[in-house]
Amino acid sequence: MRPALTCIHNDMSVQLQKVPSEVVDPELSSTPLSSTAMSSRAGTCVDVEKLQMNDSMEVAAGSDKFLVTFKGDDDPYCPLNWPFRKRAYTTFAYALCTFGPQVASSMYGQVSQDIAAEYGKSTIVATLGVSMFLLGVGFGPMFFAPISEVYGRKMGVLVPFFVSGIFAFGCGAANNFQTILLMRFFQGLFGGAPIANTGGVLGDIWRPNTRAIALVFYSFVVTGGPPVGPILGSAFSTLGKNGWRWSQYYSGIYALVIFALAITTIPETYHPVLLARKAKRLRIDTGNWAYHAEHEEWDFTLQEMITKHFMRPFAMLLTPIVTSMSVYGSFVFGILYLGVVAVPVTFTDVRGWGTVVATLPSLAIFFGVVVGGCINILGSLHYARALAAKNGNPVPEERLVAMKVGSLLMPIGLFIFGWTSPVQYPWFAPVSGLVLLAAGFLTVFQGCINYLVDSFPRYAASAIAATTFLRSCSAAAFPIFGRIMFTTIGVPWGASIIGIVAIAMIPIPFFFYRFGAKVRAKNPYSKQAANVNGLNNDERY
């Protein structure tokens, strides 16, 4: 026989039966939520036989005695309090997921000539495969960020990453050029999920005073993708007619192997999903169906998805801070892929090096990233001191200290690389320019991201989605016009044009360091970043 049901209205209270204290698992005990909070709408039917609480407790409407939350700031169940080794491994594993798409994005450029020869296309047209991949990365966050926020990070990152590997196999097996472009777009679309959403993982497990340092070490793995990709691509191109196909099969195999490792070893990190799981265990263990988490009450709608992940990012692009940081971040991100194009032109066309050897100077970009990472670590230590001085309240403008240094390094590196590219200069001269260029890239790029996150704690995901879309469009265009520019007017003048634009952007971090607080005060999307531990932000990033 079905148990009797009693309807609980918002303006009523109810006597609940008593449950023995030994039934409740002390490890799962939490701040509870009332039965009326569980059923916020009038007329919801509740199984009284399953509501086993203290019979002397009268549950008033609107109370939250059965709301499942973390037990204080030091709750070991909270990912922010996991052991360092566990958080470090999680960061590294997600970095490997991001590394694969980054390699795939640039590796194609070195086999594009083989594709052009097989399908009778020009080299410039064949390079569209790089652009299509990066365009897909730009649109990815709009589709997969909602999945991450509803079902958790693993679902929002690992499943799309697996699908991107399937499209990599499809690209390798393509029988015409149109299919290659289509497969590359969807490979980038799904591969963009770890690129865009892993920042949310870092926000889940690292507190603001250490997050920037974790981001530096994460970036060492991630930004190694674009310079490593051309080296692998040139190696595959030496395998003969089907070498370019094996480059795509490699991307697919990598995705499947890392997916299998990650799905079995990485824990979920998204706080709302973890609390929902905790509430479910409490309901099962105690037989008390009043326990629940706020995430279980969230009714995610298509309208919310459109507003939050499609309309709001573009609306935020119209604000001064997001516009400036997105344009600057997109510019330096495009330069990263421009450097990948410039290296083969400089060392193959100008210096006459072999196909594989000519791509080795790309490793200077990775070394420059390490140098930039060290600068960012020093900047993070400065930020930690500023954070302590403000009693734990974030100070977004202090994120720009390292960025100011990077804004100077980038144009210097561009001019050194460009004007020492002729053969009469030793090879290490342009390579040193690449090191400075990459160091400037990382400090500026991470500075833009950190400043946006601290300036818009509530709408950080939308701000990041806006800059991700813009930077992917920029990176998609740079390889096409970069190859044309360097081969037409030469590397020295081509690098000089980009360097002049970089000089024009130097004032951005200096301006916002001085006037950023006043600009934020007038911004409708900017809220004070007072919630240091990041547990209660309305929108995770």
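Residues numbered from 1 in each chain as written. Predicted model: local features only at pLDDT ≥ 70, side-chain atom pairs only at ≥ 80, totals over all residues. Heavy atoms only, no water.

Things to note about helix 4 (residues 128-151)
- With 24 residues, helix 4 extends 34 Å between its outermost C-alpha atoms, agreeing within 8% with the 34 Å of an ideal straight helix rising 1.5 Å per residue.
- The largest bend in helix 4 is about 40°, located at Gly 140, with the proline Pro 141 one to four residues further on.
- Gly 152 lies just past helix 4 and shows a positive phi near 110°. (Helix = DSSP H or I, 4+ residues; strand = E, 2+ residues; numbered from the N terminus. Expected span 1.5 Å × (residues − 1). Bend = angle between axes of the 7 residues up to and from the residue.)

A closer look at the packing of aromatic side chains
- Tallied over the entire structure, the rule returns 26 aromatic pairs.
- Relative to Phe 515, the ring of Phe 511 lies with its centre 5.2 Å away and its plane at 40°, an arrangement referred to as tilted. Here Phe 511 and its partner Phe 515 are both found in helix 19 (residues 507-521), 4 residues apart, which amounts to about one turn of the helix.
- On the basis of relative accessible area, Phe 511 is assigned to the partly exposed category, the value being 41%.
- With a relative accessible area of 33%, Phe 515 lands in the partly exposed category.
- Among the aromatic side chains, those forming a connected cluster through ring pairs are Phe 99, Phe 236, Tyr 250 and Tyr 254. (Phe/Tyr/Trp six-rings, centres within 6.5 Å; stacked < 30°, edge-to-face > 60°. Buried < 20%, exposed > 50% of the residue type's maximum accessible area, 1.4 Å probe, protein only.)

Section: helix 19
- An ideal rise of 1.5 Å per residue puts 21 Å on 15 residues; helix 19 measures up with 20 Å between its terminal C-alpha atoms.
- For helix 19, the principal kink sits at Phe 515 and spans about 70°.
- Within the span of helix 19, buried status applies to Ile 508, Pro 509, Phe 512, Gly 516, Val 519 and Arg 520.
- Where helix 19 is buried, its residues touch helix 13 (320-350), helix 15 (400-419) and helix 16 (428-455). (Contact = heavy atoms within 4.5 Å.)

Some thoughts on the confidence of the model for the protein chain
- The predicted model of the protein chain has a mean per-residue pLDDT of 80, with 84% of residues at 70 or higher.
- The low-confidence segment residues 1-63, where pLDDT is below 50, has 136 contacts with residues more than four positions distant or belonging to other chains.
- Confidence over residues 528-541 falls short of pLDDT 50; this stretch has 51 contacts with residues more than four positions distant or in other chains. (pLDDT = per-residue confidence, 0-100.)

Some thoughts on the packing of helix 2 (residues 84-119) against helix 8 (residues 225-237)
- Here helix 2 crosses helix 8 at 40°, and the two axes come no closer than 7 Å. The orientation of helix 2 with respect to helix 8, classified from their angle, is oblique. Crossing of helix 2 over helix 8 shows right-handed handedness. On helix 8, the residues touching Phe 99, Gln 102, Val 103, Ser 106, Met 107, Gln 110, Val 111 and Asp 114 of helix 2 are Gly 225, Pro 226, Val 228, Gly 229, Pro 230, Leu 232, Gly 233, Ser 234, Phe 236 and Ser 237.
- Of the residues that constitute the contact of helix 2 with helix 8, the class distribution is 9 nonpolar, 8 polar and 1 charged. (Axes fitted to C-alpha atoms, helices over the stretch in contact; angles between N-to-C directions. Parallel < 35°, antiparallel > 145°, perpendicular 65-115°, else oblique. Left-handed = near helix turned anticlockwise from the far one by under 90°. Nonpolar A, V, L, I, M, F, W, Y, C, P; charged D, E, K, R; others polar.)

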